[in-house]
Amino acid sequence: MSQDLHTLTLTQIKAGLEKGEFSAVELTEALLARVEKHDDALNAFITVTAEQALAAAKSADAARAAGKGGVLNGLPLVHKDIFCTRDILTTCGSRMLEDFVSPYDATIVERLAAAGAVVLGKSNMDEFAMGSSNETSFFGPVRNPWNAECSPGGSSGGSAAAVAARLAPAATGTDTGGSIRQPAALTGTVGLKPTYGRVSRYGMIAFASSLDQAGVITRSSADAALLLGVMAGFDERDSTSIDHPVPDYTAALSQSLDGLRVGIVKQHFDEGLDEQTGAAVREALAVLEANGATLTEVDMPNIDLSVPTYYVVAPAECSSNLSRFDGVRFGHRADDPEDLFDLYCRSRGEGFGAEVKRRIMTGTYVLSAGYYDAYYLKAQQVRHLIADDFKKAFETVDVIAGPTAPTPAFKLGDKTDDPITMYLNDIYTIGANLAGLPGISTPCGLVDGLPVGLHLVGPHWGEETLLRCAHNYEQLTDWHFACPGDFS
Amino acid sequence: MRARAPDGASRTRLKQEIPVSLDKEQVQQIAVLARLKLADDEFAETVDKLSRIVDFVDQLSQADTSDVVPMAHPLDVAQRLRADEVTESNERDRMQQNAPATQDGLYLVPKVIE
């Protein structure tokens, strides 16, 4: 029995634990053994919290024996290392926070733990979530379980690789421009980015505060629904958290595709899209159509400006947010500073990696006197146009569907020379962040042995529709069951 | 009042016209504003890559945004405020465990005033 526990989804694990087929301790031991065996090759974890995980599993088993325990009692998961975890190293993939032990828990860490989740460790990520390939991590790149020469995507690449390789059934992630959905697509997993304000950002290390949102990477939409129900909801400690009722996401899964209006954006199938990836996505759309959904083309005249808009807004917010790293209160500090200015400049120069420095500098430039109007203000105006395009589209459709990423996983090192080539990886996902909309990616095919994803975007608070659509698709196809050969 | 930065560079105007790409001098100026010391070998690469990024985002200038209100919040809601009351307990010692240098509960920095 125990050698098969890693193959179970979160929903299957929940049922197995409830029936007493195995204990949380047995499950946790099996998964920790798998992490031990495989993670040297993958580098998906920055920290493995074996001791705490076993203690939490033991408590979960005891709670169950006493007829208690939350909805996630004994369910294992991994936290992206961007979430603060009390008394556990929280690095954000950076040398800057190499030794940072968080004095508190992020709200979602607290909520998941209160529901009984068992945390196996903290996953690797692009430094401060700035990257689309996991190559900017101070702790080295993560390898894609489908092909070790390839990137798993990013920035939540460690979370995606851990779930794809069956080292953990689920992981948390964050998505500022596609950082949950793109790695999910590139690893054959399900990635859900909720509406801005749906999930608390308290204790989630900030990159771009008007775009950042926490979500999950799982093996099915049903699993994503289960976790979102626990994570979502108002949090007084996050000033951008919205007090909006949390529906029963799992209940939404049982609705069929009948009458679902699916919008297609023409530009999402332009020449930038890999031909075979496009074919897989078109086939997925045909499956939706054959099973009750209607397809309509929607016009989004400003969507082409998403990536340049993002690369003004996100760096601007990043340069402000990351000014807190000054070598004084926490984080890396340079040796023997001459004066305060030298302390700031060298601590930051040494503590941040190249991509983070580039983004801080881009942000500093677009916010500087004389350039603010031409770049930052202009970008916030274009952002409004893009948000209006979505608003208009959602007057006639329930979801917008297309590819998650333009290509399957690319080779490590392939896109590191030109930042723009890397940035264009998020061309289909960034729009949702700019407009604060929820999005999901679910596996829809294999191209040369590498997974590709179907991307769905919904209106604000449209998570139920996204989960319903993705779940139905998963019932009609078996792409989400595909497992990388070395990890079955 | 905000103190003037030691280098006098805070809010310095870079150049009035919008350049197609950035030169070394401008990148140096940005690095000072951003409080980042770049190693010599990092510098040339930063000039090149930063220029490419600025050229890329320059395409925004083509968009017609006359009469468009800049977006301030993705959900178009106002910032929530709370009463100005102390709600947190004092956890100074715990917080300072992550500080690189402290003494008697204070953060240590290089001498600022002679």
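Quick caveat, the model's predicted, so the values are computed rather than measured.

**Examining the overall build of chain A**
Part 1: Tallying secondary structure elements over chain A gives 16 helices and 11 strands in all.
Part 2: Taking 23 Å as the expected radius of gyration for a compact globule of 488 residues, we find that chain A reaches 21 Å, a close match to that expectation.
Part 3: Overall size of chain A, expressed as C-alpha extent along the three principal axes, is 65 × 55 × 45 Å.
Part 4: Here chain A holds 488 residues, and 65% of them are scored as buried.
Part 5: Pairs at least 24 residues apart make up 76% of the contacts formed inside chain A by residues separated by at least 6 positions.

**Here we look at the overall build of chain B**
Part 1: Looking only at helices and strands, one finds three helices and two strands in chain B.
Part 2: Taken from N to C terminus, the helices and strands of chain B fall in the order α-α-α-β-β.
Part 3: Within the span of chain B, comprising 114 residues, buried residues form 16% of the whole.

**Some remarks on the interface of chain B and chain A**
Part 1: Counting residues at the interface gives 48 residues for chain B, matched by 59 residues for chain A.
Part 2: Where the side of chain B that touches chain A is concerned, the elements lending two or more residues are α1 (24-33), α2 (40-57) and α3 (92-96) of chain B.
Part 3: Residue composition of the side of chain B that touches chain A, grouped by class: 29 nonpolar, eight polar and 11 charged.

**Topic: the pairing of strand β8 (residues 294-298) of chain A**
Residue and element names in this part refer to chain A.
Part 1: Here strand β7 (residues 261-265) pairs with β8 via five bridges, running parallel. Following the sheet pairing, V262 is matched in β8 by L295.
Part 2: Viewed along the sheet, the connection from β7 through helix α9 (residues 275-290) into β8 turns out right-handed.

**Observations concerning the pairing of β7(A)**
Part 1: Where β7(A) meets strand β9 (residues 399-403) of chain A, three bridges bridge the pair, whose relative direction is parallel. What sits directly across from G263(A), in β9(A), is I400(A).

**Examining unusual backbone geometry**
Glycine aside, residues mostly have negative phi angles, and peptide bonds mostly take the trans form.
Residues and elements named next belong to chain A.
Part 1: The linkage connecting G154 with the following residue, S155, adopts the cis geometry, with an omega of 10°.
Part 2: Structurally, the position occupied by S155 is in the loop between β3 (118-123) and α5 (157-164).
Part 3: In this model, A129 sits at a positive phi of 70°, which is unusual for a non-glycine residue.
Part 4: Note that A129 resides in the loop between β3 and α5.
Part 5: The buried category is assigned to A129, around which 30 C-beta atoms lie within 10 Å.
Part 6: Of note in this structure, R166 is not a glycine but carries a positive phi near 60°.
Part 7: Checked against the element boundaries, R166 lands in the loop between α5 and β4 (170-175).

**Considering the packing of helix α12 (residues 354-367) of chain A against α1(B)**
Part 1: For the pair α12(A) and α1(B), the least separation of the axes is 9 Å and the interaxial angle reads 95°. Put simply, α12(A) runs roughly perpendicular to α1(B). Residue-level contacts link M361(A), T364(A) and Y365(A) of α12(A) to I30(B), A31(B) and L33(B) of α1(B).
Part 2: The residue makeup of the contact of α12(A) with α1(B), split by class, is five nonpolar, one polar and no charged.

**Concerning the environment of P406(A)**
Residue and element names in this part refer to chain A.
Part 1: For P406, the location among the structural elements is in the loop between β9 and α14 (419-423).
Part 2: With 234 residues separating them along the chain, P406 and T172 place their C-alpha atoms 24 Å apart.
Part 3: Leave out the neighbours within four places in its chain, and P406 touches G272, L273, D274, T277, N425 and I427.

**Quick look at helix α16 (residues 463-476) of chain A**
Residues and elements named next belong to chain A.
Part 1: Its 14 residues place the ends of α16 20 Å apart at the C-alpha level, agreeing with the 20 Å of an ideal helix rising 1.5 Å per residue.
Part 2: Along α16, 12 of the 14 residues are buried, which leaves the element largely enclosed by surrounding structure.
Part 3: For α16, the full list of buried residues reads E463, E464, T465, L466, L467, R468, C469, A470, H471, N472, Y473 and E474.

**Concerning the environment of V366(A)**
Residues and elements named next belong to chain A.
Part 1: Structurally, V366 is set in helix α12.
Part 2: On the neighbour-count criterion, V366 (24 C-beta atoms within 10 Å) is buried.
Part 3: C-alpha of V366 to C-alpha of D417: the two residues are 51 residues apart in sequence and 23 Å apart in space.
Part 4: When near neighbours in sequence (up to four residues on either side) are disregarded, V366 contacts V312, P315, A316, Y371, Y375 and Y376.

**Regarding the confidence of the model for chain B**
Residues and elements named next belong to chain B.
Part 1: When the pLDDT values of chain B are averaged, the result is 83; 82% of them are 70 or greater.
Part 2: Residue range residues 1-19 is modelled with pLDDT below 50. Its contacts to residues more than four positions away, or to other chains, number 20 contacts.
Part 3: The ipTM, which scores confidence in the relative placement of chains, is 0.92 for this predicted complex, and the corresponding pTM is 0.95.

**Notes on the environment of L75(A)**
Residues and elements named next belong to chain A.
Part 1: As for its position among the elements, L75 is in the loop between α3 (50-65) and β2 (76-80).
Part 2: Spatially, the C-alpha atom of L75 lies 5.7 Å from that of V118, the residues being 43 residues apart in sequence.
Part 3: When sequence neighbours within four positions are dropped, the list of residues in contact with L75 reads L10, I13, K14, G116, A117 and V118.

**Concerning the nonpolar core**
All names here are of chain A.
Part 1: Grouped together as the largest cluster of nonpolar side chains are 168 residues, with contacts concentrated most on L77, V118, L120, A162 and A168.
Part 2: Here the element with the most residues in this core is helix α13 (residues 373-393); it accounts for nine residues.
Part 3: Other than its neighbours up to four places away in sequence, A162 contacts A44, F45, V78, S123, L167, A168 and A171.

**Things to note about α5(A)**
An α-helix turns once every 3.6 residues. As a result, residues three or four positions apart point the same way.
All names here are of chain A.
Part 1: Counting buried positions over the eight residues of α5 gives eight, a clear majority of the element.
Part 2: The set of residues buried in α5 consists of G157, G158, S159, A160, A161, A162, V163 and A164.
Part 3: R166 sits one or two positions beyond α5 and adopts a positive phi of about 60°.

Conventions we followed
- Residues numbered from 1 in each chain as written.
- Chains lettered and ligands numbered in written order.
- Predicted model: local features only at pLDDT ≥ 70, side-chain atom pairs only at ≥ 80, totals over all residues.
- Helix = DSSP H or I, 4+ residues; strand = E, 2+ residues; numbered from the N terminus.
- Rg over C-alpha atoms; globule rule 2.2 N^0.38 Å.
- Buried ≥ 20, exposed ≤ 12 C-beta atoms within 10 Å, placed from the backbone.
- Contact = placed C-beta atoms within 7 Å.
- Nonpolar A, V, L, I, M, F, W, Y, C, P; charged D, E, K, R; others polar.
- Pairing = 2+ DSSP bridges.
- Right-handed = clockwise from strand over helix to strand, strands pointing away.
- Axes fitted to C-alpha atoms, helices over the stretch in contact; angles between N-to-C directions.
- Parallel < 35°, antiparallel > 145°, perpendicular 65-115°, else oblique.
- Expected span 1.5 Å × (residues − 1).
- pLDDT = per-residue confidence, 0-100.
- Core = buried A, V, L, I, M, F, W, Y, C linked by C-beta atoms within 7 Å.

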